[in-house]
Amino acid sequence: TGSCTSGICYVNGEQGILRYRGYDIEDLVENCDFVEVAYLLIKGELPNTAERRRYAELLNKESLLHHDMQSFFRSYPFKAHPMSVLAAMSVSLSAFYPEMGDIDPELQVDLAVTRLVSKVRTIIAFIYRHMKGEDFVNPSYKYSYCENFLNMMFKSSVIEYQINPLYVKALNQLLILHADHEQNCSTTAVRLIGSSDANLYASVSAGICALWGPKHGGANQAVIEMLELAHEQKWSAQDIVNKAKQKDSGFLLMGFGHRVYKTYDPRAKIAKRLCQEVLAESGETDPLLELAMELEEVAVNDSYFKERSLYPNVDFYTGLIFRRIGIPTNMFTCMFAMGRLPGWIAHWLEWNKDPYGKIGRPRQVYSGPYVRKVQNLNDR
Ligand code: CMC
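Since the model is a prediction, treat every value here as computed from it, not as a measurement.

Basis of the calculations
- Residues numbered from 1 in each chain as written.
- Predicted model: local features only at pLDDT ≥ 70, side-chain atom pairs only at ≥ 80, totals over all residues.
- Heavy atoms only, no water.
- Axes fitted to C-alpha atoms, helices over the stretch in contact; angles between N-to-C directions.
- Helix = DSSP H or I, 4+ residues; strand = E, 2+ residues; numbered from the N terminus.
- Parallel < 35°, antiparallel > 145°, perpendicular 65-115°, else oblique.
- Left-handed = near helix turned anticlockwise from the far one by under 90°.
- Contact = heavy atoms within 4.5 Å.
- Nonpolar A, V, L, I, M, F, W, Y, C, P; charged D, E, K, R; others polar.
- Pairing = 2+ DSSP bridges.
- Near = heavy atom within 4 Å.
- Polar contact = N/O pair within 3.5 Å; in protein donor to acceptor, adjacent residues only side chain to side chain.
- Areas by Shrake-Rupley, 256 points an atom, 1.4 Å probe, with all protein chains shown as cover.
- Buried < 20%, exposed > 50% of the residue type's maximum accessible area, 1.4 Å probe, protein only.
- Salt bridge = Lys/Arg side-chain N within 4 Å of Asp/Glu carboxyl O.

Undergrad: Pulling in residues and values, what's your account of the packing of helix 4 (residues 67–75) against helix 5 (residues 82–96)?
TA: It is at 11 Å that the axes of helix 4 and helix 5 come closest, and there the two elements cross at 155 degrees. The angle between helix 4 and helix 5 places the two elements in the roughly antiparallel class. Of the two elements, helix 4 crosses helix 5, and the hand of that crossing is right-handed. The segment helix 4 lies against helix 5, with Asp68, Met69, Phe72 and Phe73 engaging Val85, Met89, Ser92, Leu93 and Phe96. Classifying every residue of the contact of helix 4 with helix 5 gives seven nonpolar, one polar and one charged.

The following block contains the structure:
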């Protein structure tokens, strides 16, 4: 049965339809940027010009990280998985930005939400700079949300960094594609934690942990690792498909299959198109894209995949785009988290405002022993 009533996201897995607040994903990707879609998910309506400007200004204002928080990054090993740092930093925001005295609770939530959307982007860029052993680059009022992210990630004092408008477009579209997907594993985690009245930052941190797994958001990293391994080992598309069909191999075709979509994931269609556009810009071919497209062709025509309705999902092509932008593989799931953030927040708010207002507490079917008596230690 449905775990809740929700008015945020509509998914039809048979027909491959995805809508946020009634707007088709294709429509949003073509006509909006990520900030507008975040606003739509969180507030329920697309912003008008004045609202859009005010929201962008607020996001800029809230984008800096508390100086003491910056020292946290330095204590993590360079090789720490970025998702572990992201989860820890997100929950730490509640320590650095606690309740705001006696201001109106509605306004407090608004501020906490905006802070989160803005600061998570800064946190992800700082994780990258720390991994590289480089100084942090602060956000700037001069740039849009996505431009700012790219600048914080890649600006250098020794090599000129030009923000590529195609990468800005790609980033906006990718973040929109990830922005919500109704009751997936991480969103359900956020709603459940939120139902205990835990604060927003703590609830989102739980969502980040849930997203990390390779069956969920970690799949984008796993896809690239699979393609790289196959390329190195000179496996053909057919070899990979054959491996994925062997039940005892423990090998799945990553980026394929979905609990809800039993047809082509509409996000995968958009990601494939975008991937071809971004990779075509340099004029060079990417052997991993060629292998991915061949793999798709072989898999969708294979009876094993057909019978089980397994099609490419959102993660199949997105990693190739992140990789071209320069984002390292172990940070792909952080990118998914940055996109999914407005969705998590919208669901947290929706649950919070639900007049039902009860703590989430699923029951179970007990399958253990009925009743037993403790035996003396020497007799066990
Ligand atoms: N490769 C090979 N076989 C597969 C795959 C795959 N990627 N996915 C499912 N199957 C088989 C599975 O073994 C099972 O076979 P059988 O009926 O013979 O036992 C059948 O298809 C049904 O699979 P399931 O595991 O019952 O399906 P599910 O709805 O529980 O799992 C899934 C969905 C996404 C976890 C799974 O398809 C999977 O692990 N895919 C690979 C990981 C991946 O790409 N994840 C990203 C999901 S989309 C983004 C997101 O949600 O974060």
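Back to the text.
Undergrad: A description of the sheet that holds strand 3 (residues 23–24) should follow, citing residues and the corresponding values.
TA: Taken in spatial order, the three strands of this open sheet run 1-2-3, and their pairing is antiparallel. Sheet topology places strand 1 (9–12) and strand 3 at the edges, where each strand pairs with a single neighbour. Sheet topology note: the strand 2 (residues 17–20)/strand 3 ladder contains two bridges and is antiparallel. Counterpart to Tyr20 in the pairing with strand 3 is Tyr23.

Undergrad: Could you give an account of the site of the ligand, naming the residues involved and the relevant values?
TA: Near the ligand there are 22 residues, and of these His216, Lys247, Leu253, Gly255 and Arg259 occur at the shortest range. Between the ligand and Lys215, the relevant distance is 3.2 Å, taken from a nitrogen atom to a main-chain nitrogen or oxygen of the residue. Here an oxygen atom of the ligand and a side-chain polar atom of His216 are 2.6 Å apart. Within the complex, the protein chains bury 72% of what would otherwise be the 930 Å² of accessible surface of the ligand. Here the shell around the ligand is built from residues that sort into 11 nonpolar, six polar and five charged.

Undergrad: Summarise the side chain of Arg115; cite the residues concerned and give the values.
TA: Relative to the helices and strands, Arg115 is located in helix 6 (residues 105–132). By relative accessible area, Arg115 is classed as buried at 13%.

Undergrad: Any chance you could break down the side chain of Asn172 for me, citing the residues and the numbers?
TA: Along the polypeptide, Asn172 turns up in helix 8 (residues 165–178). Its relative accessible area of 13% is what places Asn172 among the buried residues.

Undergrad: Lay out unusual backbone geometry with the relevant residues and their values.
TA: Outside of glycine, negative phi angles account for most residues, and trans bonds account for most peptide bonds. With phi around 35 degrees, Glu182 is a residue other than glycine that occupies positive phi space. If you trace the backbone, Glu182 turns up in the loop between helix 8 and helix 9 (185–194). At Ser309, a position not held by glycine, the phi torsion is positive, near 50 degrees. By the secondary structure assignment, Ser309 is in the loop between helix 15 (303–307) and helix 16 (315–325).

Undergrad: An account of the pattern of salt bridges is needed here, citing residue identities and associated values.
TA: Scanning all chains against the criterion turns up 16 salt bridges. Put simply, Glu26 and Arg273 hold a salt bridge, and the shortest N to O gap is 3.2 Å. Separated by 247 residues along the polypeptide, Glu26 in helix 1 (residues 25–31) and Arg273 in helix 13 (residues 266–280) bring together distant segments of the chain. Under the relative-accessibility criterion, Arg273 is labelled partly exposed at 37%. In this structure, Lys245 engages Asp302 in a salt bridge whose closest nitrogen and oxygen atoms are separated by 2.9 Å. With a gap of 57 residues between them, Lys245 in helix 12 (residues 237–245) and Asp302 in the loop between helix 14 (287–300) and helix 15 connect regions that are remote in the sequence.

Undergrad: Could you give an account of the packing of helix 5 against helix 17 (residues 332–353), naming the residues involved and the relevant values?
TA: Between two packed helices, the angle of one axis relative to the other and the distance separating the axes together describe the packing. In contact at an axis separation of 8 Å, helix 5 and helix 17 are set at 35 degrees when each is read in the N-to-C sense. Between helix 5 and helix 17 the crossing geometry is right-handed. Contacts from Pro82, Met83 and Leu86 of helix 5 reach helix 17 at Thr333, Cys334 and Ala337. Its residues assigned to classes, the contact of helix 5 with helix 17 comprises five nonpolar, one polar and no charged.

Undergrad: Mind laying out helix 16, listing which residues take part and the relevant values?
TA: Summarising burial for helix 16: nine of the 11 residues are buried, a large majority. Taken together, the buried residues of helix 16 touch helix 7 (145–154), helix 8, helix 11 (219–233), helix 13, helix 14 and helix 17. Following helix 16 by one or two positions, Gly326 adopts a phi angle in the positive range, close to 110 degrees.

Purely spatial values, then, with no claim about function.
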